[in-house]
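One-letter residues, chain by chain:
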Amino acid sequence: MSESIFERSAADIASAVMSGSLSAADVTEASLARVDAVDDAVGAYLTRLHGVARGRATAVDARVRAGERLPLAGVPLAVKDNMCLTGTRTTAASKILEHWVAPYTATAVARLLDAGCVPIGKANLDEFAMGSSCENSALGVTRNPYDLARVPGGSSGGSAAAVAALEAAVAVGSDTGGSIREPAAFCNLVGFKPTYGRVSRYGLIAFASSLDQIGPLTRTVEDAALVYDAMAGFDPMDATTVDRVVEPAATALREDLRGLRVGLVRQFDTSVLGPDIQAAYKKAYDDLAACGAEIVEVSLPTADYGLATYYLIAPAECSSNLSRFDGVRYGLRVDAPDVQAMYEKTRAAGFGPEVKRRILIGTHALSSGYYDAYYVRAQKARTLVAHDFEKAFASCDLIACPAASSPAFAFNAKSDPYSMYMMDYYTIPMSLAGLPALSVPCGWVTPPGGSVPMPLGLQLCAPQFAEALLLGAAHAYERATQHASKFGPRLEAVSP
Amino acid sequence: MQSDSIDVRYVARLARIALTDEEVDRFSEQLVDLLRHVDALSELDTNIVATTAQVVESRNVTRADEPRPCLDRATVLEQAPRSQGNFFRVPRIIAE
């Protein structure tokens, strides 16, 4: 094959390394060279891990020679920088953790390293994973490899850009309201958020604990399944992980959708997205039918309240979680004569505007006199949203809808907070219900003012714990449509 | 729910974040706007609906009360902004 090593899929790399036709060291050098060639332009990584990667690659080659079977042998991995990796800087893209070195490794990352992955770098994100464009990073700018004038999406924007620019074969991100699925859609990738509780959050810097979930961003559905299979399952270090058998997804990939009912949501009228995008989604739904799916209509009457529900619950949980950043035990401290002033000055200097905004909303929503009106009401609305999905899944196996409200937009295009929040309109309801959902490439549109076609993502969603069915179905759709391979990243100017 | 105004200085004090006057003005305006959007929830009839805090089964987790290896003290203190001996050092908390 003439394709470069860094273009190859994780499945392909792992089987070549296991068969001995390629070494993890060679794969790693190719990946690091690619990072050096393009990342000054893309900005996917906050920290490049050349030394760590070379050490890990040598260890993987030794394990393969010793006869270990590694499902991800030598696969170059980008790690979102809100996940701990022992001995490496872990910043959450915040000034408050800019120089913090993690003293332990997140379970999800540790499992991927055990499976043979080689960490190439720590990827940029919106500060503390709060945002939909990566523009809220306090530590760097990440650009969309398909058009460097546009954002990569967020919050897992660095993870998405790294995989799209071929600077890693796979990435891990975290998704609270759409932070894996939206950047995957923006960067022509598969982005998969498993059922809440499927993947351990131990070592993931918490944003909203009842919503946060780790998942893969990859160039193929098969790679997403391989990464998911390696990460999923109970972890004694995270009491919210579910102790129940994980059905392997990589061996459940389907060739068609015969026998499956796919629900289209009556309330999600794609005409509001403009005629080009509407036509692209119409085609995607037709393609699902052409793959053998029976298309049915389902109703999610409270889906429209998802955004409001989320923007009370997530900030409330964030205001509590981020109280730990007080300048005492780790991270930034701004000195002051008394402890109260030290807290207030440290947090003023350490947090960016979006993080402050969410802490303030959350603190207000939880404060005396407002708790019932805001927080409790949002928790009840969350119940209604989850019930809607239960009813919908009585008449379908999967739900299909857009993954984001638009393709990737230009930098500084969303100036008021609410217009940015609207990007996650289609992904938030699934997060509130804890459902597994993914984005898979489904077409291209040239946005107004844009010069090149940008990718769109189709979101597929399944009942809780039906990950294998979901990934299996996405594979059938991907195989039939091949949208991802239509255009490549536009890095000619910066590539060697 | 009422959201025509919000005392951002009071909320910021609860959240332990010092704000500039400019931030107070900007956040006041933005927070009122955001809360106006979430006011839509009052349209839902939630009187007989239970709250959801967690979406998957959860249970108490216990383990034997035995010492186990944990993070090394020196490694942890290395990351502290100020430390002294085996302690995190902070400004005076109790007045003389």
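Residues numbered from 1 in each chain as written. Chains lettered and ligands numbered in written order. Predicted model: local features only at pLDDT ≥ 70, side-chain atom pairs only at ≥ 80, totals over all residues.

**Overview of the overall build of chain A**
For chain A, the count of helices and strands is 15 helices and 11 strands. Among the 496 residues that make up chain A, the fraction classed as buried is 64%. Across chain A, every contact between residues at least 6 apart in sequence was considered, and the portion connecting residues at least 24 apart equals 76%. (Helix = DSSP H or I, 4+ residues; strand = E, 2+ residues; numbered from the N terminus. Buried ≥ 20, exposed ≤ 12 C-beta atoms within 10 Å, placed from the backbone. Contact = placed C-beta atoms within 7 Å.)

**Some remarks on the overall build of chain B**
Broken down by element type, chain B carries 3 helices and 2 strands. Mapped from its N terminus to its C terminus, chain B presents α and β elements in the order α-α-α-β-β. The C-alpha atoms of chain B give 23 Å as radius of gyration, which overshoots the globular expectation for 96 residues (12 Å, by more than 25%). Seen through its principal axes, chain B has C-alpha atoms that stretch 55 × 45 × 25 Å. Relative to its full complement of 96 residues, chain B shows a buried share of 17%. (Rg over C-alpha atoms; globule rule 2.2 N^0.38 Å.)

**Examining the sheet that holds strand E7 (residues 261-265) of chain A**
Residues and elements named next belong to chain A. Overall, mixed pairing links the 11 strands, which are arranged E1-E3-E2-E4-E6-E5-E10-E11-E9-E7-E8 in an open sheet. Two strands in the sheet have a free side with no partner beyond their single neighbour: strand E1 (45-48) and strand E8 (294-298). Put simply, the sheet's adjacent strands are angled 30° from each other on average, direction ignored. Pairing between E7 and strand E9 (residues 398-402): 3 bridges, direction parallel. For Gly263, the partnering residue across the bridge sits in E9 and is Ile399. Sheet strands in contact with helix H2 (residues 24-42) are E1, strand E2 (76-80) and strand E3 (118-123), and its direction is about 20° off that of E3. (Pairing = 2+ DSSP bridges. Axes fitted to C-alpha atoms, helices over the stretch in contact; angles between N-to-C directions.)

**A few points about the packing of helix H4 (residues 107-114) of chain A against helix H7 (residues 221-231) of chain A**
Residues and elements named next belong to chain A. In contact at an axis separation of 8 Å, H4 and H7 are set at 110° when each is read in the N-to-C sense. Classified by the angle their axes make, H4 and H7 are roughly perpendicular. By crossing handedness, the relation of H4 to H7 is classed as right-handed. Along its contact with H4, which presents Ala108, Arg111 and Leu112, the element H7 presents Val227, Ala230 and Met231. Looking at side-chain class alone, the contact of H4 with H7 contains 5 nonpolar, no polar and 1 charged residues. (Parallel < 35°, antiparallel > 145°, perpendicular 65-115°, else oblique. Left-handed = near helix turned anticlockwise from the far one by under 90°. Nonpolar A, V, L, I, M, F, W, Y, C, P; charged D, E, K, R; others polar.)

**Some words on unusual backbone geometry**
All names here are of chain A. The omega torsion across Gly154 and Ser155 is 10°, close enough to zero to call that bond cis. Tracing the backbone shows Ser155 in the loop between E3 and helix H5 (157-164). Positive phi is not limited to glycine here, since Phe128 has a value of about 55°. Here Phe128 lies in the loop between E3 and H5. One non-glycine residue, Leu166, lies in the positive phi region at around 65°. Locating Leu166 in the fold gives a position in the loop between H5 and strand E4 (170-175). On the basis of neighbour counts, which here come to 25 C-beta atoms within 10 Å, the residue Leu166 falls in the buried class.

**Let's talk about the environment of His37 of chain B**
Structurally, His37 of chain B can be placed in helix H2 (residues 21-38). Given 16 C-beta atoms within a 10 Å radius, His37 of chain B is considered partly exposed. In this view, His37 of chain B contacts Ala308 and Tyr418 of chain A; residues no more than four positions away in its chain are not counted.

**With respect to the pairing of E7 of chain A**
Successive side chains on a regular strand alternate, one facing one side of the sheet and the next facing the other. Residues and elements named next belong to chain A. Two elements, E7 and E8, share 5 bridges in a ladder whose sense is parallel. Across the sheet, the residue bridging to Leu264 is Glu297, located in E8. Remark: the E7/helix H8 (residues 275-290)/E8 crossover connection has right-handed handedness. (Right-handed = clockwise from strand over helix to strand, strands pointing away.)

**Let's talk about the interface of chain B and chain A**
In this assembly, 45 residues from chain B lie in contact with 57 residues from chain A. Elements with a contribution of two residues or more to the side of chain B that touches chain A: helix H1 (8-14), H2 and helix H3 (73-78) of chain B. With 7 residues, H2 of chain B is the largest single contributor of residues to the side of chain B that touches chain A. Residue composition of the side of chain B that touches chain A, grouped by class: 31 nonpolar, 9 polar and 5 charged.

**Regarding the packing of H8 of chain A against helix H15 (residues 467-481) of chain A**
Residue and element names in this part refer to chain A. Where H8 meets H15, the closest approach of the two axes is 10 Å, and the angle between their N-to-C directions is 105°. In this view, H8 runs roughly perpendicular relative to H15, as classed from their interaxial angle. Contact with H8, carried on its side by Asp287, Leu288 and Ala290, involves Tyr477, Ala480 and Thr481 of H15 and no other residues of that element. Here the contact of H8 with H15 is composed, by residue class, of 4 nonpolar, 1 polar and 1 charged.

**Description of the environment of Arg89 of chain B**
All names here are of chain B. For Arg89, the position within the fold is in the segment after strand E2 (87-88). C-beta crowding within 10 Å serves as the criterion here: with 13 such atoms nearby, Arg89 is assigned to the partly exposed category. Sequence spacing of Arg89 and Ser58 is 31 residues, and the spatial spacing of their C-alpha atoms is 38 Å. Once residues lying within four places of it in the same chain are set aside, the contact partners of Arg89 are Arg82, Ser83 and Gln84.

**Quick look at H5 of chain A**
Residue and element names in this part refer to chain A. Most of H5 is tucked away, with 8 of its 8 residues classed as buried. For H5, the set of buried residues is Gly157, Gly158, Ser159, Ala160, Ala161, Ala162, Val163 and Ala164. Looking at the residues trailing H5, positive phi occurs at Leu166, about 65°.

**A look at the confidence of the model for chain B**
For chain B, per-residue confidence averages 90 on the pLDDT scale, and residues scoring 70 or more make up 95% of the total. With pTM at 0.97, the complex prediction returns an ipTM value of 0.94. (pLDDT = per-residue confidence, 0-100.)

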